[in-house]
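# Residue-level structure breakdown
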Amino acid sequence: MKKFTLFLIFCVFSTIVFSQNLITNPGAESDPVANGWVIVTQGTNCSGSLNWRILGNQSGYPVAQQGSYYFYSGCNNVSGEVYQDVNVSAYASNIDAASQSFTFSGFMQVYDQAPSDSSLMIVEYRNSASIVLDTYSTGYKGNRTAWVQYSNTKTAPTGTRMIRIRLLSKNVNGTSVDAYFDNLSLTTAIVLPVRLSNFSANLQPNNTVKINWQTSVEFNNDKFTIERSANGADWVSIAEVAGKGSINGAAQNYSAIDPAPLPQVSYYRLKQTDRNGQVFYSDIITVKFKSVQQISIFPNPAKDVITISGFIGVGMDLQFFNLSGQNVTKLTSIESNGLGKITFDVNRLNQGQYIIKTKTTVLKFSKL
C-alpha cells in the first residue's frame, strides 16, 4: 500500500513591475567622478568637499537625506553643474511604441540664509544623436532648512535612447554655492511578457507528475521550460512547451508530464522566455512522494547488477530515466528468488544517476 502527499501552490504573475534605480551612485555615497557622473563646473574644496560631494552633518552642513553624503558643488564659483547619462536603449521597442514611461525623483535643499542660493534638477530625454526631445525641470528652488522631494513621470518620446540627469547650483549669497542634492532615482515600469493565472502539479496513478498552468495575457511569449529540482536550488530542464505569442483576455491552458519524478520530493518551476530572450521564473511548487513499503536497491551505487527487494511477485518490468526525465532503457528482471527480491543487469546503462520507476514506486539509483 502506498501513500502520496501533494503540496499544491497557486501563483500569479503581475504583468507590471518597476525596475531598480537606473541611476548609478544616486546619493554621492562614492566619488561621483569615478562612479557615474560627469562634472561640467565645480568650485574649490569646502570642508572636505571634492568632486561634487560632501559629508553631511558637519561644519554647518545639513544631515544627508539618505546615507551619509550628498551632492554639493563647492566654493568660489558662480554656478555648478554635474550630469549623468542613463542608457535606455534596452526599452527601445516600447519607447518607439509610446508605451514606456519613466519616473524621476530627487531631493533638494539649500543653506538657511536670505537671500538663499538656488538648486535645480533637469531630466532630458535624448535620442541617439543626443538631441533633446523632451524635458522635465524643477525650476530653480531655494528650499531652506528641510529636504524637499520633486518627482515626475513621463512617457518617453519616440526615439529616446538616453536620459540625462542634470544637477545645477546657482550662487546668490556668499562665496560657496550652498545647494544640495540627494537620493535621486530613475525607474521605469517593466511589462512582463506573461500573466500566469495558476500553476499546479499533481501526482498521477502511474507515478508520473502532471504539471498544469494557465495564462490570461501573453506578449511576445516564445516558450515555457519546466524545470525540476531535488533541493530547490539546482535545476534541470525536463520539458519545453511553445508559447502562444501574444494574446490578451483569452485563457490559455498548458500541461506537461514529468515521467520520472524524484523519489521523495520534486520541486518544479516554470521558466518563461520571451522572443527578445528575456527570462522570467514562476514561484516554486512541490510534490512529495512517500511510500509505505520498505523497498530498497543494493548495491547502490552498482556497476553490473542490482537487486531490488521489497516486492511481492516476480517478473516486474522497470523503466530507467535520467535526471532530465528521458526514458533511457527498459530492463526486465533476470532473476527472482520469489521472496520479494529481483535482480537486474545494468551493464547497458551509462555512468550516472537514474530514476527507476515501476507501477508502484519510484526509486533512485547510481550507476558506476
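Presented here is an overview of the structure given in this document.

## Examining the packing of aromatic side chains
By the definition in use, this model includes 13 aromatic pairs. Between Trp213 and Tyr254 the ring centres are 5.5 Å apart and the planes differ by 5°, which places this aromatic pair in the stacked class. On the criterion of sequence distance, the pair formed by Trp213 in strand S14 (residues 209-229) and Tyr254 in strand S15 (residues 235-258) is long-range, its members being 41 residues apart. Accessibility expressed as a relative area gives 6% for Tyr254, which makes it buried. In textbook terms, an aromatic cluster arises when at least three aromatic residues are bridged by ring pairs, as seen for Tyr61, Tyr70, Tyr72, Trp147 and Tyr180. Here Arg53 stacks its cationic end above the ring of Tyr69, 3.6 Å away from the centre of that ring. Its end group placed over the ring of Tyr140, Lys170 keeps NZ or CZ at 4.3 Å from the ring centre.

## Focus on the state of the cysteines
For the coordinates displayed, the defined rule picks out one disulfide. Each sulfur of the disulfide joining Cys46 and Cys75 lies 1.3 Å from the other. A residue pair is termed long-range when its members are at least 10 positions apart, and Cys46 in the loop between strand S3 (38-41) and strand S4 (54-55) and Cys75 in the loop between strand S5 (69-72) and strand S6 (79-87) qualify at 29 residues. Of the two residues examined, Cys46 and Cys75, each falls in the buried class.

## Brief notes about the sheet that holds strand S8 (residues 118-126)
Spatial ordering of the open sheet is given by S3-S6-S11-S8-S9, a layout of five strands whose pairing is antiparallel. Looking at strand neighbours, the two that pair on one side only are S3 and strand S9 (132-137), the edges of this open sheet. Here the strands of the sheet are splayed against their neighbours by 20° on average, with no regard to which way each runs. As paired strands, S8 and S9 are joined by five bridges and run antiparallel to one another. Residue pairing in the sheet places Val123 in a bridge with Tyr136 of S9.

## Some thoughts on the pairing of S14
With nine bridges joining them, strand S13 (residues 194-203) and S14 adopt antiparallel strand pairing. Opposite Asn198, over in S14, you have Gln214 as the bridge partner. Looking at chain direction, S14 and strand S16 (residues 265-274) are connected through eight bridges and run antiparallel. Bridge pairing in S16 links Lys223 to Thr273.

## Notes on unusual backbone geometry
Peptide bonds are mostly trans, and most non-glycine residues show a negative phi. Between Ala114 and the following residue, Pro115, the backbone shows a cis peptide bond with an omega angle of -5°. As for its position among the elements, Pro115 is in the loop between strand S7 (101-110) and S8. The amide bond that connects Asn300 to the next residue, Pro301, takes the cis arrangement and shows omega of 15°. Take Pro301: it is sitting in the loop between strand S19 (296-298) and strand S20 (305-309).

Reading guide: rules and limits
- Residues numbered from 1 in each chain as written.
- Predicted model: local features only at pLDDT ≥ 70, side-chain atom pairs only at ≥ 80, totals over all residues.
- Heavy atoms only, no water.
- Phe/Tyr/Trp six-rings, centres within 6.5 Å; stacked < 30°, edge-to-face > 60°.
- Helix = DSSP H or I, 4+ residues; strand = E, 2+ residues; numbered from the N terminus.
- Buried < 20%, exposed > 50% of the residue type's maximum accessible area, 1.4 Å probe, protein only.
- Lys NZ or Arg CZ within 6 Å of the ring centre and 35° of its normal.
- Disulfide = S-S within 2.5 Å.
- Pairing = 2+ DSSP bridges.
- Axes fitted to C-alpha atoms, helices over the stretch in contact; angles between N-to-C directions.

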